[in-house]
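# Structural overview for review
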2 protein chains.
Amino acid sequence: MAERIKVTLDEQDIPRQWYNIAADLPKPLPPPIKPDGSPVTPEDLAPVFPMNIIEQEVSTQRWIDIPEPVLEKLLIWRPTPLYRARALERALNTPARIYYKNEGVSPAGSHKPNTAVPQVYYNKVFGIRRLTTETGAGQWGSALAFACRLFGLACRVYMVRISFDQKPFRKMMMQTWGAECLPSPNPSTKTGRAILEKDPDTPGSLGIAISEAIEDCVTSPDTRYSLGSVLNHVCLHQTIIGLEAKRQMEKFGEYPDVVIGCAGGGSNFAGISFPFVCDRIHGRDVRVVAAEPAACPRMTMAPYVYDSGDVAMMTPLLPMYSLGHTFVPPPIHAGGLRYHGMAPLVCHLRRLGLIEAVALPQLECYEGAVLWARTEGFIPAPETSHAIAAAIREANRAAEEGREKVILLNWSGHGLMDLTGYDAFLNGRLQNYLMTEDEMRRSLAAIEGLPKPPPL
Amino acid sequence: MAERIKVTLDEQDIPRQWYNIAADLPKPLPPPIKPDGSPVTPEDLAPVFPMNIIEQEVSTQRWIDIPEPVLEKLLIWRPTPLYRARALERALNTPARIYYKNEGVSPAGSHKPNTAVPQVYYNKVFGIRRLTTETGAGQWGSALAFACRLFGLACRVYMVRISFDQKPFRKMMMQTWGAECLPSPNPSTKTGRAILEKDPDTPGSLGIAISEAIEDCVTSPDTRYSLGSVLNHVCLHQTIIGLEAKRQMEKFGEYPDVVIGCAGGGSNFAGISFPFVCDRIHGRDVRVVAAEPAACPRMTMAPYVYDSGDVAMMTPLLPMYSLGHTFVPPPIHAGGLRYHGMAPLVCHLRRLGLIEAVALPQLECYEGAVLWARTEGFIPAPETSHAIAAAIREANRAAEEGREKVILLNWSGHGLMDLTGYDAFLNGRLQNYLMTEDEMRRSLAAIEGLPKPPPL
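Just so it is clear, the structure is predicted and the values come from calculations on it, not from any experiment.

All right, on to the sheet that holds strand β7 (residues 154–160) of chain B then. Residues and elements named next belong to chain B. Read from one edge of the open sheet, four strands run β8-β7-β6-β9, paired in parallel fashion. A single partner strand is all that each edge strand has here, and the edge strands are β8 (180–184) and β9 (223–225). Each adjacent strand pair in this sheet contributes to an overall mean axis angle of 25°, direction not counted. Strands in contact with helix α10 (residues 206–218) are β6 (130–135), β7, β8 and β9; relative to β6, the strand with the most contacts, it is inclined by about 170°.

Below, the structure written as structure tokens:
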């Protein structure tokens, strides 16, 4: 029989609790604040999030039970398989052993439903009947649409207009699951009307879509807003990835030397890595690497500041490595990594020296993704290709140094809805976007007057 | 803990042999013949298929070993999970228990790689270095592209031109896996040039594409042709689906009362059902139902005849229920079911009364598919929706009769590359196509002079 290439846990072995890294931080995370420097209170957040989620957002309890109705829905695609990428190893001629956690097997095709399902559940329990959110390329919007349908909540997604027009397939997914998907800006909101009056042909932006989703939420009955990354409770829900991966690595008889995830808002990276960062905090020798695009080099180049999560500054100020909330990322195909900031928990770990970060140019990522498809078979999402490219760098270094190394990466989603990027790459129509320090200085001008985080 | 919804076999439990139903047929399958009535010999087929595959095509050995290198590649996505569709059952309020085998988890998104992988392997072992094939909407072409890359064979796919232009994503998949994908008709073949001279704007057809792929094969060095359905060896390779499903049903403590698969060329239906038909032949009480589109009602309406597999009559004559090889199926979205004939083995079982067939109109299928997506989560391929609609009919009948029933269906692929059909359905732009007996008579005129199969 061929050598084992994957470990699939039985349903009975799905983790029953999420891991909350807030319980193990050597120094506490600076809290979110308002622009005047005063702390954000749970009451401030209540119009936007249900109180049970707000409590989870600030919890420092190490293990948090996954509610039974959430488990039942997660079982639709979880536990996800963990693979050894033997064919890739052979192609690289490396002594490294490369493992990957396949989060592309969910109905929406990525890790996003891991948090969409519990978020919808908590809203439902709190009496909420309708959720609003924004989406760029559509990964998050489709995950929330899927989860809302499972629990019978209504769902409206504001989708950045240029994506709505150019990439209609994610919109069709959302509609198939029964959600409303509107182009943003949209005449149904005050914000949208004002913008359309000034500029009827605007392509829209994530900042505008967030503003519209929040406006819709706070002006509608029984409605709350849902966010697919960045916040603590989102990172918490994603830890099921790393918890499963740990058990699966054990079944392979392995423990990783290095754990890698791509980082956009930070949630899939948090998901694979936090359970291993926990080990590191407690003295275990494991490196943890966040792979970000060279076009959005936050943890590799940007300063640690208080900044808003959106362009219109509707969110509280969060402590994070940020390129400035007015920064417009270059049009790389990894839409899910085009963000100016990063989950405060992930940034805090970086500041504490518990994780590393690496910035990867687009062409190297696509080169890795094509090699992956041609060896391992599955076609990765453009976001995932950043984790792949970082893993290939690690494997090549192991080959140069002639030593064994165990690499674990999070394969955050498949690329079947993003094939135009491959087409552009294979036909020589893609380029790299590298941020210069000068561009960085200019993009940071927007946050000059804001409060600064306390020293460590 | 929630009730179990799926059984995932360990890698170690993957079947090591395919099941060959030819060994158990109560009466032998009539052989393929030439238009003059003489039998087709292995030598006749040798320019098109390698001899090891031809031997498999005519084998009557009950169990055929799956070669180790094939197993190794099948493990990329196999064993596939078997689910109980509890959420769908609840929505239908049925006493039936519905199980489904999820073949959508392969890299190409359907059951097609189950035969692409062994076909490429056998060609490689035989010394072949390049394969040609045709594809309609692209499911088969992408599966063969994937498999060729795994074994290092070159691959050229002739894709019906209208699909090539209108549905570029499957083409991009093939190219990502390193295959050449050409629009058909194509100026690189004699057939293609002749057709383009007469009609430069032709949309192409599957019949033309088959002719081009075979011409390319017989005029090129070290090249053979590969077919994704219909033939005996293709059905054989797909039986891994049913063999796994049997073991998984056992783990649920169940045996099906009825087994359902959609039927285009017949291979996925054969895959799920032949191991159960074997039980039926040996006296077990199990019904087996093939679900075909009402727009292509072969086993429900057409006569059992000798007919060619393609429009240009380049293939041998095969004994099958056929609408006539010049029949142009209506533009239903289930492109994989738009075929005039059907696998001879499947047709033979129908003729022997060992299986049933049901014809389903397009709108009922999409209704079932949307209900499926909104309960079970995964979005089905339009082909798969025929099996779903047939299963829903069975479940509703069980509800009317107030009795338990165990239903097993083959969920042959996901619909993420076919969302435009859902869009059309949800926006009221789809219609039914039902074949009338008068249309049937006209479409059958093309085969009037051909030899007739012997009586049973």
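Residue and element names in this part refer to chain A. For P50, the location among the structural elements is in the loop between α1 (42–45) and α2 (51–58). The exposure class assigned to P50 is buried, which follows from its relative accessible area of 0%. The spacing of P50 and T223 is 173 residues in sequence and 9.4 Å in space, taken between C-alpha atoms. Aside from chain neighbours lying at most four places away, what touches P50 is N123, F126 and R224.

The next subject is the relation of the copies chain B and chain A. Of the transformation superimposing chain B on chain A, the axial component is 0.0 Å and the angular component is 180°, with the fit at an RMSD of 0.0 Å. Those values place the two copies in the arrangement expected of a two-fold rotation axis. In this assembly, 100% of the residues forming the interface of chain B have copies in chain A that are likewise at the interface, indicating an isologous arrangement.

Right, let's get into the interface of chain B and chain A. Every contact between the two is made by 52 residues of chain B and, on the other side, 52 residues of chain A. Across the interface of chain B and chain A, roughly 4,600 Å² is buried in total on both sides, 61% from carbon and sulfur atoms. On the surface where chain B and chain A come into contact, there are six salt bridges. With a shortest N-O distance of 2.8 Å, D10(B) and R4(A) are connected by a salt bridge. At the boundary of chain B with chain A, the tally comes to 20 residue pairs in polar contact (both at pLDDT 80 or more). Mapped by element, the contributors of at least two residues to the side of chain B that touches chain A are α3 (68–74), α6 (139–151), α8 (168–176), α15 (362–375) and α17 (419–426) of chain B. Residue composition of the side of chain B that touches chain A, by class: 27 nonpolar, ten polar and 15 charged.

Turning our attention to the environment of F151(B). All names here are of chain B. Examined against the element boundaries, F151 turns out to sit in helix α6. Put simply, F151 and R129 are 22 residues apart on the chain and 9.7 Å apart in space, counted from C-alpha to C-alpha. Beyond its immediate stretch of four places on either side in the chain, F151 contacts P69, K73, V117, V120, Y121 and K124.

This next bit is on the side chain of E254(B). All names here are of chain B. Considering the arrangement of structural elements, one finds E254 in the loop between α11 (232–251) and β10 (258–262). Polar contacts involving the side chain of E254 include one to the side chain of R97, which spans 2.4 Å. At 2.7 Å, the side chain of E254 and the side chain of Y99 are in polar contact.

Next up on the list: the environment of D423(A). You can see D423(A) is positioned in helix α17 (residues 419–426). A relative accessible area of 15% places D423(A) in the buried class. What D423(A) contacts, discounting residues up to four positions off in sequence, is R429(A), M172(B) and Q175(B). Within polar-contact distance, the side chain of D423(A) engages the side chain of R429(A) at 3.5 Å.

Moving on to empty space enclosed by the protein. To find the voids left in a structure, one rolls a probe of water-molecule size over its atoms. Throughout the structure, instances matching the rule amount to five cavities of 30 Å³ or more. Roughly 540 Å³ of volume is contained in the largest cavity. Class assignment of the residues belonging to the lining of the largest cavity gives a composition of 20 nonpolar, ten polar and two charged. Its volume calculated, the second largest cavity comes out at about 140 Å³. Forming the walls of the second largest cavity are 13 residues, and the residues nearest its centre are E72(A), I76(A), I5(B), A87(B) and E376(B). Of all the secondary-structure elements, those providing two or more residues to the lining of the second largest cavity are α3 (68–74) of chain A together with β4 (82–84) and α4 (86–92) of chain B. At three residues, α4(B) tops the list of elements feeding residues into the lining of the second largest cavity. In the lining of the second largest cavity, the residues fall into six nonpolar, one polar and six charged.

Residues and elements named next belong to chain A. You can read the domains of chain A as domain 1 (13–66 + 110–232) and domain 2 (79–109 + 241–447). For domain 1 and domain 2, the distance between their C-alpha centroids amounts to 22 Å. Listed per partner, the contact involves 43 residues of domain 1 and 45 residues of domain 2. Taking both sides of the interface into account, the surface hidden between domain 1 and domain 2 amounts to around 3,700 Å²; carbon and sulfur atoms contribute 71%. Of all residues in domain 1, I21, H111 and V230 bury the most surface against domain 2, accounting for 17% of the area lost on that side. The tally of links from domain 1 across to domain 2 stands at zero salt bridges. Across the contact surface, domain 1 and domain 2 share twelve residue pairs in polar contact (both at pLDDT 80 or more). When contributions to the side of domain 1 that touches domain 2 are tallied by element, the ones reaching two or more residues are β2 (17–19), α5 (113–125), α6 (139–151), α8 (168–176) and α10 (206–218). Here the residues of the side of domain 1 that touches domain 2 are counted per class, giving 26 nonpolar, eleven polar and six charged.

As a further point, take helix α12 (residues 267–281) of chain B. Residues and elements named next belong to chain B. For α12, with 15 residues, the first-to-last C-alpha span of 20 Å sits near the 21 Å given by 1.5 Å per residue. Within α12, 13 of the 15 residues are buried, which leaves it mostly tucked inside the rest of the structure. In the segment just after α12, G283 is the residue with positive phi, at about 105°.

Residue and element names in this part refer to chain A. Counted under the stated rule, the structure contains 35 aromatic pairs over all chains. Considering the side-chain rings of Y100 and W372, the 4.7 Å spacing of their centres and the 80° angle between planes classify their relative orientation as edge-to-face. Of this pair, Y100 sits in strand β5 (residues 96–102) while W372 is found in helix α15 (residues 362–375), placing the two residues 272 residues apart along the sequence. W372 shares its class with Y100; the two are buried. Stacked on the ring of Y255, the Lys or Arg R284 has its end atom at 3.5 Å from the ring centre.

Strand pairing in a sheet relies on backbone hydrogen bonds, with the paired strands running either antiparallel or parallel. Residue and element names in this part refer to chain A. One open sheet accounts for four strands, arranged β8-β7-β6-β9; its pairing is parallel. Looking at which strands have only one partner, the edges of the open sheet turn out to be β8 (180–184) and β9 (223–225). For this sheet, the mean inter-axis angle between neighbouring strands, taken without regard to orientation, is 25°. Taken together, the six bridges between strand β6 (residues 130–135) and strand β7 (residues 154–160) define a ladder with parallel strand orientation.

Per the stated rule, a full pass over the model turns up 52 salt bridges over all chains. A salt bridge links E394(A) to R287(A), with the shortest nitrogen-to-oxygen separation between them at 2.8 Å. Of this pair, E394(A) sits in helix α16 (residues 384–401) while R287(A) sits in strand β11 (residues 287–293); the two residues are 107 residues apart in sequence, bridging distant segments of the chain. The buried category is assigned to E394(A), whose relative accessible area is 5%. Salt-bridge contacts for R156(B) lead to E180(B); the nearest nitrogen and oxygen are separated by 3.2 Å. With R156(B) in strand β7 and E180(B) in strand β8, this residue pair connects regions lying 24 residues apart in the sequence.

The rules behind each value
- Counting starts from 1 at the beginning of each chain's written sequence and moves along it residue by residue.
- Chains and ligands are labelled sequentially in the order written, the chains with letters from A and the ligands with numbers from 1.
- Given that this is a predicted model, residues contribute local features only at a pLDDT of at least 70 and side-chain atom pairs are listed and counted only at 80 or more, while totals for whole chains, interfaces and linings are drawn from all residues.
- To get the side-chain values, all heavy atoms of the structure are used, and hydrogens and water are removed first.
- Two strands make a pair as long as DSSP finds a minimum of two bridges between them.
- Secondary structure elements are defined from DSSP: runs of H or I of at least 4 residues count as helices, runs of E of at least 2 residues count as strands, and each element is numbered from the N terminus.
- Working convention: axes come from line fits to C-alpha atoms, limited for helices to the stretch in contact. Angles between N-to-C directions cover 0 to 180 degrees.
- Residue contacts follow a heavy-atom distance rule, with two residues in contact if any of their heavy atoms lie within 4.5 Å.
- Using a 1.4 Å probe on the protein chains alone, a residue whose accessible area is under 20% of its type maximum counts as buried, one over 50% counts as exposed, and one in between counts as partly exposed.
- Alignment of the copies relies on least squares applied to C-alpha atoms, considering only residues that score at least 70 for pLDDT in both.
- Using a 1.4 Å probe, buried area is obtained as the accessible area two parts lose upon being combined, added over both of them.
- What counts as a salt bridge is simple: a side-chain nitrogen of Lys or Arg found within 4 Å of a carboxyl oxygen of Asp or Glu.
- Within 3.5 Å is the distance limit for a polar contact, defined as a pair of N or O atoms, with the added protein rule that one can donate a hydrogen and the other accept it, and that residues adjacent in sequence qualify only through two side-chain atoms.
- Three classes are used, and their members are as follows: Ala, Val, Leu, Ile, Met, Phe, Trp, Tyr, Cys and Pro are nonpolar, Asp, Glu, Lys and Arg are charged, and the others, Gly among them, are polar.
- Cavities and pockets were defined on a 1 Å grid built over protein atoms only: a cavity is a set of grid points that admits a 1.4 Å probe from which the probe cannot escape, a pocket is an open set flanked by protein on both sides within 12 Å along at least five of seven lines, and lining residues are those with an atom within 4 Å of any such point.
- Grid points are joined across faces, edges and corners, and a volume is the space filled by probe spheres set on the points.
- The split into domains, and so the bounds of each, comes from an automatic or database assignment of domains.
- By definition here, a helix of n residues has an expected span of 1.5 Å times n minus one.
- Here a Phe, Tyr or Trp ring, Trp counted by its six-membered ring, pairs with any other such ring whose centre lies within 6.5 Å, and the pair is stacked when the planes are under 30 degrees apart, edge-to-face when over 60, and tilted otherwise.
- Counting as a charge over the ring demands two things of the Lys NZ or Arg CZ atom: a distance within 6 Å of the ring centre and an angle within 35 degrees of the ring normal.

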